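Inside the fold
Residue-level listing of the chains:
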Amino acid sequence: MGTLYIVPTPIGNLEDITLRALRVLREARLIAAEDTRTTRKLLARYNITTPMTSYHEHNKLAKLDTIFDALAEGDVALVSDAGTPGISDPGFELIQEALARGVPVVPLPGPSAAIAALIGSGLPTDRFLFVGFLPRQPAALRRTLAELAPLRATLIAYESPNRLVATLDAAREVLGDRPAVVARELTKLHEELRRGTLSTLADHFRAHPPRGEITLVIGGASEAPSAAPWDEHAVRRALRERLARGEPRSAAARAVAEESGWNRRDVYNLSVD
Ligand code: SAM
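Because the structure is a prediction, the values reported are computed rather than measured. (Residues numbered from 1 in each chain as written. Predicted model: local features only at pLDDT ≥ 70, side-chain atom pairs only at ≥ 80, totals over all residues. Heavy atoms only, no water.)

1. Concerning the overall build of the protein chain
- If you tally the helices and strands in the protein chain, you get eleven helices and ten strands.
- Against the globule reference of 19 Å for 273 residues, the protein chain gives a C-alpha radius of gyration of 26 Å, more extended than a compact globule.
- With respect to the principal axes defined by its C-alpha atoms, the protein chain has extents near 85 × 40 × 35 Å.
- Within the protein chain, the fraction of its 273 residues that count as buried is 45%.
- Counting only contacts in the protein chain whose residues sit at least 6 apart along the sequence, the fraction spanning at least 24 positions is 68%.
- Carbon and sulfur atoms make up 51% of the accessible area of the protein chain, which amounts to about 14600 Å² in all. (Helix = DSSP H or I, 4+ residues; strand = E, 2+ residues; numbered from the N terminus. Rg over C-alpha atoms; globule rule 2.2 N^0.38 Å. Buried < 20%, exposed > 50% of the residue type's maximum accessible area, 1.4 Å probe, protein only. Contact = heavy atoms within 4.5 Å. Areas by Shrake-Rupley, 256 points an atom, 1.4 Å probe, with all protein chains shown as cover.)

2. With respect to the side chain of Thr 53
- Structurally, Thr 53 can be placed in strand β3 (residues 52-54).
- Beyond its immediate chain neighbours, meaning those up to four positions away, Thr 53 contacts Leu 30, Ile 31, Ala 32, Ala 33, Thr 36, Lys 63 and Thr 66.

3. Section: the pattern of salt bridges
- In this structure the tally under the stated criterion is 16 salt bridges.
- As a salt-bridge pair, Glu 57 and Lys 60 come within 2.5 Å of each other at their nearest N and O atoms.
- Since its relative accessible area comes to 44%, Glu 57 is described here as partly exposed.
- Among the ionic pairs, Arg 142 bridges to Glu 173, the shortest N-O distance being 2.6 Å. With Arg 142 in helix α6 (residues 138-148) and Glu 173 in helix α7 (residues 164-175), this residue pair connects regions lying 31 residues apart in the sequence.
- Note on Glu 173: relative accessible area 48%, which makes it partly exposed. (Salt bridge = Lys/Arg side-chain N within 4 Å of Asp/Glu carboxyl O.)

4. Concerning a nonpolar patch on the surface
- Taken together, the side chains of Ile 115, Ile 119 and Phe 128 define a hydrophobic patch exposed on the protein surface, amounting to about 290 Å² of accessible area.
- Checked against the element boundaries, Phe 128 lands in strand β6 (residues 128-133).
- Judged by its relative accessible area of 37%, Phe 128 is partly exposed. (Patch = residues over 30% accessible without salt bridge, like charges linked within 9 Å, V, L, I, M, F, W, Y side chains within 5 Å.)

5. With respect to the sheet that holds β3
- The five strands lie next to each other as β3-β2-β4-β1-β5, forming an open sheet whose pairing is parallel. For this open sheet the edge positions go to β3 and β5 (105-107), each flanked by a neighbour on one side alone. On average, each strand axis in the sheet is tilted by 25° relative to the strand beside it, whichever way the strands run.
- Summarising the sheet, strand β2 (residues 30-33) and strand β4 (residues 76-79) pair through four bridges and their orientation is parallel. Across the sheet, Ala 33 pairs through a bridge with Val 79, a residue of β4.
- Contacts from helix α2 (residues 36-45) reach β2, β3 and β4 within the one sheet, and its direction differs from that of β3 by about 150°.
- Relative to strand β1 (residues 4-6), helix α4 (residues 92-100) is tilted by about 150°, and along the sheet it contacts β1, β4 and β5. (Pairing = 2+ DSSP bridges. Axes fitted to C-alpha atoms, helices over the stretch in contact; angles between N-to-C directions.)

6. Re the packing of aromatic side chains
- The final tally for this structure, using the stated rule, is two aromatic pairs.
- Measuring from centroid to centroid gives 5.0 Å for Phe 130 and Tyr 158, while their planes differ by 70°, and the two rings are edge-to-face. With a gap of 28 residues between them, Phe 130 in strand β6 and Tyr 158 in strand β7 (residues 154-159) connect regions that are remote in the sequence.
- Within the aromatic cluster, the residues linked to one another by ring pairs are Phe 130, Phe 133 and Tyr 158. (Phe/Tyr/Trp six-rings, centres within 6.5 Å; stacked < 30°, edge-to-face > 60°.)

7. Some words on the sheet that holds strand β10 (residues 214-218)
- The five strands lie next to each other as β6-β7-β10-β8-β9, forming an open sheet whose pairing is mixed. Pairing within the sheet leaves two strands with one partner each, and these edge strands are β6 and β9 (192-197). This sheet shows a mean twist of 15° between the axes of neighbouring strands, independent of strand direction.
- Of the pairings in the sheet, the one linking strand β8 (residues 179-184) to β10 comprises five bridges and is antiparallel in character. The residue of β10 that forms the bridge with Val 181 is Val 217.
- Against the sheet, α7 contacts β7, β8 and β10, and its axis sits at roughly 10° relative to β10.

8. Let's talk about the packing of α7 against helix α8 (residues 198-207)
- The interhelical angle for the contact between α7 and α8, taken along N-to-C directions, is 155°, at an axis separation of 9 Å. If you check the angle between α7 and α8, you find them roughly antiparallel. With respect to the hand of their crossing, α7 and α8 are arranged in left-handed fashion. Residues Leu 164, Val 165, Leu 168, Asp 169, Ala 171 and Arg 172 of α7 touch α8, and the partners they reach there are Leu 198, Ser 199, Leu 201, Ala 202, Phe 205 and Arg 206.
- Classifying every residue of the contact of α7 with α8 gives eight nonpolar, one polar and three charged. (Parallel < 35°, antiparallel > 145°, perpendicular 65-115°, else oblique. Left-handed = near helix turned anticlockwise from the far one by under 90°. Nonpolar A, V, L, I, M, F, W, Y, C, P; charged D, E, K, R; others polar.)

Below you can see the structure in the form of structure tokens.
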């Protein structure tokens, strides 16, 4: 029995493929490719002539026999159009089926837009959540964002250029104006990692509609502006500033109570103090 190798391929720059991936593709009995035309270009670049069969969203069940027949004779390499199979790409069902049938599954490390965007973003990498493509429908999008809002993890989403601004706007409304990065056309000629906040990025891409492939990285809940409690010293200082500007005592106390999260009566008493 052969092995099912999961083989990541470049997300743009054809040099982004490992020596091991090339060897596995060359030596496999069959390559199961999401789109054989796309993979053919990669194989041609490296003079690989391994036979291919298509394995995509719409034939993934019908193709199981072909792939397991080949696995009975030798190794099969699973590739998607770009990046890592199974990551918002076909692969999951085949891997599950292989494991159920006792076929060894070997994952090769390699390119994925999610990880490239994360490490280039400058946002914390110690805890992150990949959410794939966010829902398109506005109510579902907001619901999903609301679920993600309390998480102290950097969020990574795939997004299409024509929905980017709407997603940034919705994210700002639901999550607050967090730091974020739009990673566009990674590893390609027009690669851009634009860093800012959800609102500055929305303004930029409203004025300059984006093209190409996009991965969105958003700071986690802990990256939002600090909600640390104010100490008495900070409350007194804010009060002094407002009173010095001539604000009435009760209005100043109300405003500072709202800003600081303190009880209004306590703030008022401090202002009299
Ligand atoms: N399996 C792939 C991976 O591991 O990166 C992702 C496949 S998913 C169908 C395609 C989406 O990934 C694109 O719509 C885009 O959101 C993101 N993506 C792919 N290539 C990219 C690139 N070069 N730069 C930025 N995002 C990219």
